Amino acid sequence: MGEQVKDPVCGMDMDADSAVATSEHMGKTFYFCAQGCKEKFDQNPMKYMSTEEEEKGDSCHM
Ligand SMILES: [Zn+2]
């Protein structure tokens, strides 16, 4: 039912309602599948904002 969103760190597609963490940057809301993904994003948002699907992100589940 919710909006489909993409975790910019690991590239995982998910429902916005099921996102574990969110972060706002440059007026845009980003959704993350895990707290670790959010932390990586917060440390270096530009890295994840500029690359869409060119690079596969780091594994976030371990
Ligand atoms: Zn993730």
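Colleague: Could you give an account of helix α1 (residues 35-43), naming the residues involved and the relevant values?
Modeller: For α1, the set of buried residues is Cys-37, Lys-38, Lys-40 and Phe-41. Summarising the axial view, the buried residues of α1 lie within an arc of 160°, below the 170-degree limit, and thus occupy one face. Among the exposed residues of α1, those pointing more than 90 degrees away from its buried face are Gln-35 and Gln-43.

Colleague: Any details on the environment of Met-12? Residues and values, ideally.
Modeller: Along the chain, the position of Met-12 falls in the loop between β1 (4-6) and β2 (13-15). Distance from Met-12 to Tyr-31, taken between C-alpha atoms, is 9.8 Å for residues 19 residues apart in sequence.

What counts and what doesn't
- Residues numbered from 1 in each chain as written.
- Predicted model: local features only at pLDDT ≥ 70, side-chain atom pairs only at ≥ 80, totals over all residues.
- Buried ≥ 20, exposed ≤ 12 C-beta atoms within 10 Å, placed from the backbone.
- Helix = DSSP H or I, 4+ residues; strand = E, 2+ residues; numbered from the N terminus.
- Arc of directions from axis to C-beta.

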